[in-house]
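Close look at the chain arrangement
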Amino acid sequence: MAARILIVDDNQSLAKNLRDVLSGDPDLDVEVSLAETGAEALGRAQKDGFEVAVVDVKLPDGSGVDLIGPLREACPHGEIVLVTGNATVNTAIAALRAGAFAFILKNFRPAELISTVAQALEKIALKREREEFERRYRAIVDAADVLIVGLDASGDVTLWNPRLAAMTGVSTEAALGGALPDNIIDEDARKKFCQAFVAVRDGGGANEIEVGVRDAMGAIRRVRWHLSPVRGSGKRIELVYGIGIDVTERRALERRAADAEALNAMAPLALGLAHEIRNPLNAAVLELHLLARGIERLEAPAARDPMRARVRIVESEIKRLERLLTDFLELARPRAPQREPLDLGRVVDEVLDLEAEAIAAHGLELVRELAAGVVALGDVEKLKQVVLNLVVNALDVMPQGGALRARVGADEREAWLSIGDTGPGVDPNILAEIFDPFFTTKAAGTGLGLAIVRKIVDQHGGRVVVDTKKGEGTTVKVILPRG
């Protein structure tokens, strides 16, 4: 495509000669247009654009030097060559400061003009090539499904890609020009990251480090960073690029695999232990039943009532022990779930009815948003266990009252249920561990409730998503394949 040349000169005879010189050169592929005044030139530039404008300094409606700024604004990629018969040093300096590419004195030779225009066109081509490379580079950085951060020698952010902005909730505009945002990396991890950065900047070798990064929801994500130095023209390291990969799910899978292996090894022990424990438990339940009968035959209320209370306490503890034993067996050696269509709303509704007394005792507001006709494929009893465990957890974190939200919904591919509370929320630092067996923050907890939830959901080919905010509560969403 021919390069557009704009010649601005009120001397039409000279302007036509310049046009003939440029368009007649075999090495230049140009299309030349003429303008007599600055206003006409600006109009042509705004309409058609130009690659090179050859402008006379003295024009009928102003100075060619003053025209440089408007022309560059109208066509930012264009270059401007000034032509004059009476040049001074101050005029030349003013022209170059205004953005002129070159300054040519009249009575120039045609070869000088051709050479100057050719150099301007070459500069434009290089500039466009560089911008194209930058555009492709930016597209790669923006599209990459990895976290990318660039830090200058002082540690200030020079690059913050959209993937990193989306994960942390810190926009690119907010991150650029300053140090790493304090709220995305905990103090200990931040110190570790800074030490790795300094080692790369001063030592010149790449480095890898894994630290926790706080996401937009406040949860801690495990990110493995590869830090690489970039040297400037003087061999001095000017930038350090960090390429981060979110390994949270990988670490969770590794931990779950290790847990599964440990539990599989414990399965024979669990079965034997269950047999040995249940026999004395059954005997204790029978003896307790007989003891309760004997207490009822006592005539003195002063002796009977305290003994009744003690029996209730023992019954409660035996039931808790039986539940713990059942949970442990479910986790260590679960039976395969049945596969049958079921109404997910009905499953949730029945569990809520079962726990209605406990919900009322906690003084909770119960909100049911159970869409009708949501069919999932699964095991009714196992999914009831999932809902029950989630409801019990919600009750435990709201001893002083609050709201319990139960929801059921679906899209074309998946059905889901969620149990939400208005409790204190989950600490982001432990969010990745709450589904681990025996991990608990409760004084009398077993740490098996959520582990069983995840185990059952995994068996159904589903997944569990936790949405929590400190001081606002937690919602656990169970997503299942549709029936």
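Scroll up for the structure.
Since the model is a prediction, treat every value here as computed from it, not as a measurement.

A tally of regular secondary structure across the protein chain gives 14 helices and 19 strands. Classification of the 483 residues of the protein chain by burial places 38% in the buried group. The contacts in the protein chain between residues at least 6 apart in sequence include a share of 61% that link residues at least 24 apart. Of the accessible surface of the protein chain, which amounts to about 26200 Å², a share of 53% is contributed by carbon and sulfur atoms.

Within the largest apolar cluster, 38 residues are counted, with the highest numbers of intra-cluster contacts made by Leu 344, Val 387, Leu 390, Leu 404, Leu 417 and Ile 419. With seven residues, helix α13 (residues 380–396) is the single largest residue contributor to this core. When residues no more than four places from it in sequence are discounted, the contact partners of Leu 404 are Leu 352, Ile 359, Leu 364, Glu 365, Leu 366, Val 367, Val 391, Ala 394, Met 398, Ile 419 and Gly 420.

This paragraph deals with the pairing of strand β19 (residues 473–481). Note that strand β17 (residues 414–420) and β19 share seven bridges and pair antiparallel. Directly across from Trp 416, in β19, lies its bridge partner Ile 479. What sits between the antiparallel neighbours strand β18 (residues 463–469) and β19 is a turn of three residues, in which Gly 471 has the positive phi angle 80°.

On the basis of which strands lie adjacent, the open sheet formed by five strands has the order β2-β1-β3-β6-β7 and parallel pairing. The open sheet has two free edges, formed respectively by β2 (30–35) and β7 (102–105), since each of these has just one partner strand. Direction aside, neighbouring strands of the sheet carry axes that sit 20° apart on average. Judged from the five bridges that link them, strand β3 (residues 52–56) and strand β6 (residues 79–84) form a sheet pairing that is parallel. Bridge pairing in β6 links Val 52 to Glu 79.

Read across the sheet, five strands follow the order β9-β8-β12-β11-β10 without closing on themselves; strand pairing throughout is antiparallel. With one partner strand each, in any of the chains shown, β9 (157–160) and β10 (207–214) form the two edges of the open sheet. Direction aside, neighbouring strands of the sheet carry axes that sit 25° apart on average. Set on the sheet, helix α8 (residues 187–203) makes contact with β8 (147–152), β10, β11 (220–231) and β12 (237–246); between it and β10 the angle comes to about 150°.

Relative to the assigned elements, His 362 resides in the loop between α12 (356–361) and β14 (364–370). For His 362, a relative accessible area of 26% puts it in the partly exposed group. Distance in space between the C-alpha atoms of His 362 and Gly 401 is 5.6 Å, their sequence separation being 39 residues. When near neighbours in sequence (up to four residues on either side) are disregarded, His 362 contacts Leu 395, Met 398, Pro 399, Gln 400 and Gly 401.

Right, let's talk about a nonpolar patch on the surface for a bit. Judged by side-chain polarity, Leu 291, Leu 298 and Met 307 come together as a nonpolar surface patch covering roughly 220 Å² of accessible area. Tracing the chain through its elements places Leu 291 in helix α9 (residues 248–296). Note on Leu 291: relative accessible area 42%, which makes it partly exposed.

So, how was this worked out
Residues numbered from 1 in each chain as written. Predicted model: local features only at pLDDT ≥ 70, side-chain atom pairs only at ≥ 80, totals over all residues. Heavy atoms only, no water. Helix = DSSP H or I, 4+ residues; strand = E, 2+ residues; numbered from the N terminus. Buried < 20%, exposed > 50% of the residue type's maximum accessible area, 1.4 Å probe, protein only. Contact = heavy atoms within 4.5 Å. Areas by Shrake-Rupley, 256 points an atom, 1.4 Å probe, with all protein chains shown as cover. Core = buried A, V, L, I, M, F, W, Y, C linked by side-chain atoms within 4.5 Å. Pairing = 2+ DSSP bridges. Axes fitted to C-alpha atoms, helices over the stretch in contact; angles between N-to-C directions. Patch = residues over 30% accessible without salt bridge, like charges linked within 9 Å, V, L, I, M, F, W, Y side chains within 5 Å. Salt bridge = Lys/Arg side-chain N within 4 Å of Asp/Glu carboxyl O.

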